[in-house]
Amino acid sequence: AAPHSGFVVVRGKPRLQFAQLVFARQLTRLQASLHNLPQRDRLTPLLAALPGLPERFGALWLEVPDTNDGKSLSAFTRRLAPLLHERLLTTGRLVQDDALPRLHLFFPDKTRALVGISDPENSAPWEMGIARQKMPQQAPSRSYLKLTEAINTFLSPREQKTLLHHGMTAVDLGAAPGGWSWALAQRGLKIIAVDNGPLKGAAAQHPAIRHIRQDGFRYRPPRPVDWLVCDMVEQPGRIADLVADWIIHGKARRALFNLKLPMKKRLLALNEALSRLRTALDGAGIRYRMRARQLYHDREEVT
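Chemist: Explain the pattern of salt bridges to me, please; I cannot follow it from the model alone.
Modeler: Pairing between side chains becomes possible if they bear opposite charge and their charged atoms approach one another. This model, assessed by the stated rule, comprises 12 salt bridges. The salt bridge partner of Asp215 is Arg218, with a shortest N-O separation of 3.9 Å. Residue Asp215 is classed as partly exposed on the basis of its relative accessible area of 30%. Taking the relative accessible area as the measure of exposure, Arg218 reaches 65% and is therefore exposed. Overlapping salt bridges, with partners in common, bring together Lys146, Asp231, Lys260 and Glu301 in one network.

Chemist: For this particular structure, what's the right way to read the sheet that holds strand β1 (residues 29-34)?
Modeler: An order of β1-β4-β3-β2 is seen for the 4 strands of this open sheet, with the pairing classed as mixed. Of all strands in the sheet, those with a lone pairing partner are β1 and β2 (59-63), marking the two edges. Across the sheet, the mean angle from the axis of one strand to that of its neighbour is 20 degrees, orientation sign disregarded. Where strand β3 (residues 102-109) and strand β4 (residues 112-118) come together, 6 bridges link them in antiparallel fashion.

Chemist: Can you walk me through the pairing of strand β9 (residues 252-257) in this structure?
Modeler: Successive side chains on a regular strand alternate, one facing one side of the sheet and the next facing the other. Bridge count for strand β8 (residues 225-230) against β9 is 5 bridges, and the pairing is parallel. Bridge pairing in β9 links Val225 to Ala252. Crossover β8 to β9 through helix α8 (residues 236-248) is right-handed.

Chemist: I keep staring at empty space enclosed by the protein and nothing clicks. Help me out?
Modeler: Any empty space left between atoms is shown by rolling a water-sized probe over those atoms. Evaluation of the coordinates by the stated rule reveals 1 cavity of 30 Å³ or more. Looking at the largest cavity, its volume works out to about 40 Å³. Together, Leu147, Ile151, Leu164, Leu184, Trp227, Val229 and Leu256 line the largest cavity. Going through the elements one at a time, α4 (143-154) and β8 are the ones with two or more residues in the lining of the largest cavity.

Procedures and definitions
Residues numbered from 1 in each chain as written. Predicted model: local features only at pLDDT ≥ 70, side-chain atom pairs only at ≥ 80, totals over all residues. Heavy atoms only, no water. Salt bridge = Lys/Arg side-chain N within 4 Å of Asp/Glu carboxyl O. Buried < 20%, exposed > 50% of the residue type's maximum accessible area, 1.4 Å probe, protein only. Pairing = 2+ DSSP bridges. Helix = DSSP H or I, 4+ residues; strand = E, 2+ residues; numbered from the N terminus. Axes fitted to C-alpha atoms, helices over the stretch in contact; angles between N-to-C directions. Right-handed = clockwise from strand over helix to strand, strands pointing away. 1 Å grid on protein atoms, 1.4 Å probe; cavity = no way out; pocket = protein on both sides within 12 Å on 5 of 7 lines; lining within 4 Å. Points joined across faces, edges and corners; volume = space filled by probe spheres on them.

Here you go:
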């Protein structure tokens with residue numbers, strides 16, 4: 001790993017599971033590393049470095065580091081992508097099949113390329129691991145994007161139909177100005193939005209959202225709800241304890257929440273918070289499945 005490079009190469013024979021990686025946006029299996037790509041003909045060495053197996057790929061993704069320097073390469077990859085696509089299509093190596101492995105060409109800069117393959121079942125389903133979304137005009141805040149990305153990251157389309165459907169109930173702690181509550185209401189859920197501050201825009205007027213002005217740490221619903229969601233700005237350990245209390249006492253079946261990480265010792269703070277949560281749930285005999293990810297629309301936090 002090189003500081004500020006935006007990528008890591010893991011050597012040996014690791015058995016990494018993408019679902020267990022918190023800070024990585026994409027996972028590929030490295031096949032070749034190319035250096036000193038000629039400026040006038042990058043296509044020839046790239047095609048020569050493609051692996052012989054698998055014989056066909058379901059997608060070709062040209063990716064760059066998600067850094068300021070990497071973003072400057074986007075025009076370069078846009079020019080190169082059609083040439084590679086055409087060559088792979090004419091040779092029959094690129095077909096439209098989501099079940100096939102994907103071919104990745106990762107460019108740290110214009111002179112280097114890492115050729116990799118990803119398993120659709122063990123990688124992000126989006127190019128560069130970024131879930132591109134449009135911001136609805138009615139959304140009360142940009143936090144709407146964080147929740148929708150989290151849902152699409154943690155839940156498959158089938159799980160979304162069974163676990164987030166019309167008529168379910170949710171409590172949104174620290175709801176103001178209402179981006180998360182509004183996002184859940186769009187899916188047909190009934191929401192109790194808890195915050196001393198006001199809801200804004202469409203969230204304030206939505207019939208499925210009931211606003212309660214109360215401290216999010218003190219509020220408990222009169223009846224259990226299907227979902228607890230929380231985006232409060234607070235120490236990660238305190239949020240972990242709050243979520244554990246809700247789950248252990250049966251106030252919510254599932255939770256989706258953000259841990260705001262400090263500027264220094266982010267990994268230590270994250271590990272401590274998740275450890276506290278696991279210890280509490282294990283001690284109560286709760287069976288659970290937990291995933292954590294720093295999303296594209298997150299900043300100094302993990303969902």
